[in-house]
Amino acid sequence: MATIYDYKVTQANGEEFSLEQFQDKVFLVVNTATGCGFTPQYKELEEMYEKYHERGFEILDIPCNQFAGQTPGTDEEIHQFCTLKYHTQFTQMKKSDVNGENALPLFGYLKEQQGFQGFGKGVKALAMSAMMKKIDKDYKNNPEIKWNFTKFLVDRQGNVVARFEPTADMSKIDAQVAALL
């Protein structure tokens, strides 16, 4: 039976990155975008990274262009945008698909471990639900990634313990990360 540590992804520089490197750490896997309404979450992710990195916290940033083409540009341009605008220091991978036949196997595993559980409450959640109904009438009943900045939280034992949609309150994610450290 596969564990999260069996997966590998490709870094922006083309080198393979094994999730085995995150063994005994708490980490978030995030599909990101540079031109999305949720892109400012990079700031909060970087703050979380800086706050908890010394205690064994990592972030695996996987840019994805599958949602309204909101991640244009090369891997180098994406990296420059993130480091210059948000001063990100966490690990960034090559732009990749998270759904469909070309999806990274890692995302198949993550979706198997934590399916979609809704967008929550609030204006952004209602807006996402309305948009999803137009894109996929059955969106509530499948585990597919719905949009940019979906996050999966993994504990020190390699268990995928939570999935957060882009509408999730970042302070609640921060609290769950802190609890696992």
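Relevant structure appears above.
Residues numbered from 1 in each chain as written. Predicted model: local features only at pLDDT ≥ 70, side-chain atom pairs only at ≥ 80, totals over all residues. Heavy atoms only, no water.

Peer 1: Break down the nonpolar core for me, with residues and values.
Peer 2: I4, L60 and L106 are the most contacted members of the largest nonpolar core, which totals 55 residues. Residues in contact with I4, not counting those within four places in the same chain, are L19, F27, L106, Y109, L110, V154, G158 and V160. (Core = buried A, V, L, I, M, F, W, Y, C linked by side-chain atoms within 4.5 Å. Buried < 20%, exposed > 50% of the residue type's maximum accessible area, 1.4 Å probe, protein only. Contact = heavy atoms within 4.5 Å.)

Peer 1: Could you give an account of unusual backbone geometry, with specific residues and numbers?
Peer 2: Only a minority of non-glycine residues have a phi that is not negative, and only a minority of peptide bonds are not trans. A positive phi angle is found at D24, which is not glycine, with a value near 70 degrees. On the basis of relative accessible area, D24 is assigned to the exposed category, the value being 55%. Although it is not a glycine, F149 adopts a positive phi angle of roughly 70 degrees. Mapped onto the elements of the fold, F149 is located in the loop between α4 (123–135) and β6 (151–154). The class for F149 is buried, based on a relative accessible area of 0%. (Helix = DSSP H or I, 4+ residues; strand = E, 2+ residues; numbered from the N terminus.)

Peer 1: Summarise the sheet that holds strand β4 (residues 57–63); cite the residues concerned and give the values.
Peer 2: Judged by pairing direction, the sheet is mixed, and its five strands sit side by side in the order β5-β4-β3-β6-β7 without closing on themselves. The open sheet is flanked by β5 (91–92) and β7 (160–164), the only strands paired with a single partner. One ladder, built from four bridges, connects strand β3 (residues 26–32) with β6; its direction is antiparallel. Residue pairing in the sheet places L28 in a bridge with L153 of β6. (Pairing = 2+ DSSP bridges.)

Peer 1: Provide a residue-level description of the pattern of salt bridges, including the pertinent values.
Peer 2: Scanning the entire structure with this criterion turns up six salt bridges. A salt bridge links K51 to D174, with the shortest nitrogen-to-oxygen separation between them at 2.9 Å. On the criterion of sequence distance, the pair formed by K51 in helix α1 (residues 41–52) and D174 in helix α5 (residues 170–180) is long-range, its members being 123 residues apart. The shortest N-O distance in the salt bridge between E165 and R163 comes to 2.7 Å. The same class applies to E165 as to R163, namely buried. (Salt bridge = Lys/Arg side-chain N within 4 Å of Asp/Glu carboxyl O.)

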